[in-house]
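These are the residues of each chain, in order.
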Amino acid sequence: MLDTSGLTGAVERFADRLRAAPQSRLQQGAAAGALALARDLSLRAQRIEAPGEPPLTMPDAGMFAVADQLVVACNDLAEVLRTAPADSPLTRERDEALAAVRRAAAASGL
């Protein structure tokens, strides 16, 4: 099994900061960045789960829902990754997703 605790932990921390952020900070780009990240994580999960199928785009449910969308997308990806063996090539996918989370969290300014 592939350990995804680093990925889910990083997303939970970022989501908590998004939930605590004032509306003005969310409007200044933090929410848009988080939605882009949620969409990226969702697409990663869909590509692994259903290769060859056209992926669906996560809708924009508004700036106050983006933290929850991010957590859902991450949990979907983590579940797909958890079923992979520890020496799977999907470790790279996990590591790339974690790097994307860290970049988005840093860019958000939260």
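Each value, and the rule that gives it
Each chain carries its own residue numbering, running from 1 in the written order of its sequence. At least 70 in pLDDT is required for a residue's local features to be given in this predicted model, at least 80 for side-chain atom pairs to be given and counted, and no such filter applies to totals for whole chains, interfaces and linings, which use all residues. Side-chain measures were taken over the full set of non-hydrogen atoms in the model, leaving aside hydrogen atoms and water. In this text, helices come from DSSP runs of H or I with a minimum length of four residues, and strands from runs of E with a minimum of two, each type numbered from the N-terminal end. Accessibility here uses a 1.4 Å probe with only protein chains present; expressed as a share of the type maximum, an area under 20% marks a residue as buried, one over 50% as exposed, and anything in between as partly exposed. What makes two residues a contact is simply this: any of their non-hydrogen atoms within 4.5 Å. To obtain an axis, a line is fitted to C-alpha atoms, over the contacting stretch when the element is a helix, and the angle between two such axes runs from 0 to 180 degrees between their N-to-C directions. An angle below 35 degrees is read as roughly parallel, one above 145 as roughly antiparallel, one from 65 to 115 as roughly perpendicular, and any other as oblique. Two helices that cross are described as forming a left-handed crossing if the nearer one is turned anticlockwise from the farther one by less than a right angle, and a right-handed crossing if clockwise.

**Looking at the side chain of Ser-108**
Within the secondary structure layout, Ser-108 lies in helix 4 (residues 90-108). Since its relative accessible area comes to 11%, Ser-108 is described here as buried. Contacts of Ser-108, omitting those with residues within four sequence positions, involve Phe-14, Arg-25 and Ala-30.

**Some thoughts on the side chain of Glu-93**
Looking at the element boundaries, Glu-93 is found in helix 4. You can call Glu-93 buried: its relative accessible area is 18%. Other than its neighbours up to four places away in sequence, Glu-93 contacts Arg-44, Arg-47, Ile-48 and Leu-81.

**With respect to the packing of helix 1 (residues 5-20) against helix 2 (residues 23-49)**
Across the interface, helix 1 lies against helix 2 with an axial gap of 11 Å and an inter-helix angle of 150°. Classified by the interaxial angle, the pair formed by helix 1 and helix 2 is roughly antiparallel. As helix 1 packs across helix 2, the resulting crossing turns out to be left-handed. The residues of helix 2 that touch helix 1, namely those facing Val-11, Phe-14 and Leu-18, are Leu-26, Ala-30, Ala-34, Leu-37 and Leu-41.

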